Amino acid sequence: MDCLKIIEKLQKEETADREEILFLLENLDGETEQALHRAAAEKSRERFGNRIYLRGLIEFTNYCKNNCFYCGIRKGNRNAQRYRLESEDILACCRMGYGLGYRTFVLQGGEDPWFTDERMTAIVRAIKREFPDCAVTLSLGERSRESYQALFDAGADRYLLREETSTKEHYEMLHPKTMSMEYRLQCLETLKEIGYQTGCGFMVGSPGWKLEYLVDELLFIKKFGPHMVGIGPFIPHRDTKYAKEPHGSLALTLNLVAVLRLMNPKVLIPATTAVGTLDPRGREKAVLAGANVVMPNLSPASVRKKYMLYDNKICTGDEAAECRRCLENRMRSIGYEIVTDRGDYRD
Ligand code: SAH
């Protein structure tokens with residue numbers, strides 16, 4: 001086998017065999033890695049040009065009923081200072097964001113039972129009423145089909161739910177027995193059936209990981225056919241049992257972004273905050289490996305330090321306008337433009 005041949009195959013056929021992808025990821029060197037990133041960035045430019053879509057991330061609650069072993073806001077973390085934004089605060093974030101050119105608002109939070117369907121649909125409706133030209137993306141974890149349907153009917157357009165891993169053995173290293181991989185994967189199917197633009201994804205290098213699992217994840221995603229995929233390195237959080245585990249590799253994350261892009265030319269791929277946390281130029285590098293979305297933080301500065309999924313998360317001291325400007329400059333520096341556009345998935 002030969003790395004350049006496999007890259008060529010990915011470019012042409014938009015897929016490769018499990019063994020080939022594994023071989024590629026294991027055998028890249030400086031030169032072939034560059035070729036891979038270039039091919040992926042080229043694939044992305046064919047479809048999106050040098051346009052980068054913008055999503056405003058509003059972290060509206062850090063209460064969570066789950067205990068994912070890797071996550072800083074898991075229920076069992078007594079050191080987390082909990083907060084919940086009022087609907088008015090969320091709307092104020094959207095107003096601020098709208099003025100800065102955001103046309104997608106991503107509401108992300110822990111699984112907080114306080115946000116019942118009644119409360120959550122009211123928030124979605126209020127945002128859609130005031131900003132009918134904007135997309136609302138939800139990232140609220142696992143809910144029932146009825147709940148997903150009610151939120152969709154209230155106007156939510158998109159939903160992000162990373163599967164984290166679709167390998168059972170690995171899922172069980174990351175989650176307590178009370179959680180089920182089957183249910184999470186079922187949720188993803190349900191979201192797609194309902195009609196959401198659906199996003200899945202995974203952490204790179206999370207405890208118990210194997211390269212084989214990551215290749216299987218790429219194949220799972222290809223088969224599932226999501227509209228969006230988020231990938232970021234695992235980064236330990238001091239108040240978790242995985243505090244002493246090493247963070248995921250940036251290089252591997254970028255290579256996975258590149259293969260993902262070659263396999264899924266139309267998919268929307270963010271240059272994630274976790275990538276930016278490992279390397280000040282991580283998000284630029286992700287775009288140059290095929291990502292085409294950035295997701296600056298729009299949360300009120302007063303709560304940012306409390307939404308600590310992992311240690312050293314970036315931008316926790318900034319205001320919304322600074323984050324927007326910073327990313328604009330970062331993208332310009334590599335020849336890309338942030339655009340004011342909903343940036344919906346198109347077939
Ligand atoms: N409660 C929602 C949102 C979770 S937070 C849900 O269940 O989907 C969003 C993402 O952050 C998670 O899906 C996970 O992939 C990522 N994340 C959590 N802890 C992390 C860590 N320690 N390092 C890197 N990413 C992490």
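This report concerns the structure included in the present document. (Residues numbered from 1 in each chain as written. Predicted model: local features only at pLDDT ≥ 70, side-chain atom pairs only at ≥ 80, totals over all residues. Heavy atoms only, no water.)

Counting 101 residues, the largest nonpolar core has Phe105, Leu107, Ile127 and Leu138 as its most contacted members. Element by element, the count of residues in this core is highest for helix H10 (residues 250-263), at ten residues. Filtering out sequence-adjacent residues up to four positions away, Phe105 remains in contact with Gly56, Ile58, Cys94, Gly97, Tyr98, Ile127, Phe131, Cys134, Ala135, Val136, Thr137 and Leu298. If you look at the next biggest cluster of nonpolar residues, it comprises ten residues, including Phe48, Tyr53, Leu57 and Met228. (Core = buried A, V, L, I, M, F, W, Y, C linked by side-chain atoms within 4.5 Å. Buried < 20%, exposed > 50% of the residue type's maximum accessible area, 1.4 Å probe, protein only. Helix = DSSP H or I, 4+ residues; strand = E, 2+ residues; numbered from the N terminus. Contact = heavy atoms within 4.5 Å.)

Let us look at the packing of helix H2 (residues 18-27) against H10. H10 packs onto H2 with a crossing angle of 145° between their chain directions and a minimal axis gap of 11 Å. In this structure, H2 crosses over H10, and the sense of that crossing is right-handed. When H2 is examined against H10, the residues Ile21, Leu24 and Leu25 are found in contact with a partner set consisting of Leu252, Asn255, Leu256, Val259 and Met263. Partitioning the contact of H2 with H10 into residue classes produces seven nonpolar, one polar and no charged. (Axes fitted to C-alpha atoms, helices over the stretch in contact; angles between N-to-C directions. Left-handed = near helix turned anticlockwise from the far one by under 90°. Nonpolar A, V, L, I, M, F, W, Y, C, P; charged D, E, K, R; others polar.)

Now for helix H6 (residues 145-153). Residue pairs spaced three or four apart in an α-helix point in one direction, given the helix's 3.6 residues per turn. Buried residues of H6: Ser147, Tyr148 and Leu151, and no others. The arc that holds every buried residue of H6, seen down its axis, measures 100°, which confines them to one face. Within H6, the exposed residues directed more than 90 degrees away from the buried face are Glu146 and Asp153. Residues of H6 that are buried make contact with helix H5 (117-130), strand E4 (135-139), strand E5 (158-160) and helix H8 (181-194). Positive phi shows up at Gly155, right after H6, with a value of about 120°. (Arc of directions from axis to C-beta.)

Moving on, we come to the sheet that holds strand E2 (residues 56-61). Strand order in the open sheet formed by six strands is E2-E3-E4-E5-E6-E7, with parallel pairing between adjacent strands. Of all the strands in the sheet, just E2 and strand E7 (228-233) have a single pairing partner and so form its edges. Pairs of neighbouring strands in the sheet enclose a mean axial angle of 20°, with direction left out of account. Here strand E3 (residues 104-109) runs beside E4; their pairing, made up of five bridges, is parallel. Its bridge partner being in E4, Gln108 is matched across the sheet by Ser139. Contacts from H5 reach E2, E3 and E4 within the one sheet, and its direction differs from that of E4 by about 155°. Relative to the sheet, H8 contacts E5 and strand E6 (197-204), its axis offset from that of E6 by approximately 155°. (Pairing = 2+ DSSP bridges.)

At a minimum axis separation of 9 Å, helix H3 (residues 30-48) and H10 run at an interaxial angle of 45°. The orientation of H3 with respect to H10, classified from their angle, is oblique. Between H3 and H10 lies a crossing of left-handed hand. Facing H3, whose interface residues are Glu33, Leu36, His37, Ala39, Ala40, Lys43, Ser44 and Phe48, H10 presents Leu254, Asn255, Ala258, Val259, Arg261 and Leu262. Its residues assigned to classes, the contact of H3 with H10 shows eight nonpolar, three polar and three charged. (Parallel < 35°, antiparallel > 145°, perpendicular 65-115°, else oblique.)

For the rest of this paragraph, the subject is the packing of aromatic side chains. Scanning the entire structure with this criterion turns up nine aromatic pairs. Between Tyr148 and Tyr159 the ring centres are 5.0 Å apart and the planes differ by 75°, which places this aromatic pair in the edge-to-face class. With Tyr148 in helix H6 and Tyr159 in strand E5, the pair connects residues that are eleven residues apart, well separated along the chain. Here a set of aromatic residues connected by ring pairs shows up, and it is made of Tyr148, Phe152, Tyr159 and Tyr196. The ring of Trp114 carries Arg119 above its face, with NZ or CZ at 3.8 Å from the centroid. Looking at Lys192, its charged tip hangs above the ring of Phe224, at a distance of 4.6 Å from the centre. (Phe/Tyr/Trp six-rings, centres within 6.5 Å; stacked < 30°, edge-to-face > 60°. Lys NZ or Arg CZ within 6 Å of the ring centre and 35° of its normal.)

Right, let's get into the site of the ligand. Near the ligand you find 18 residues, and of these Tyr70, Gly109, Arg162, Glu164 and Ile235 are the closest. Between the ligand and Tyr70, the relevant distance is 3.0 Å, taken from a nitrogen atom to a main-chain nitrogen or oxygen of the residue. Computed on the free molecule, the ligand has an accessible area of 560 Å², of which 91% lies beneath the protein chains in the complex. Here the shell around the ligand is built from residues that sort into ten nonpolar, five polar and three charged. (Near = heavy atom within 4 Å. Polar contact = N/O pair within 3.5 Å; in protein donor to acceptor, adjacent residues only side chain to side chain. Areas by Shrake-Rupley, 256 points an atom, 1.4 Å probe, with all protein chains shown as cover.)

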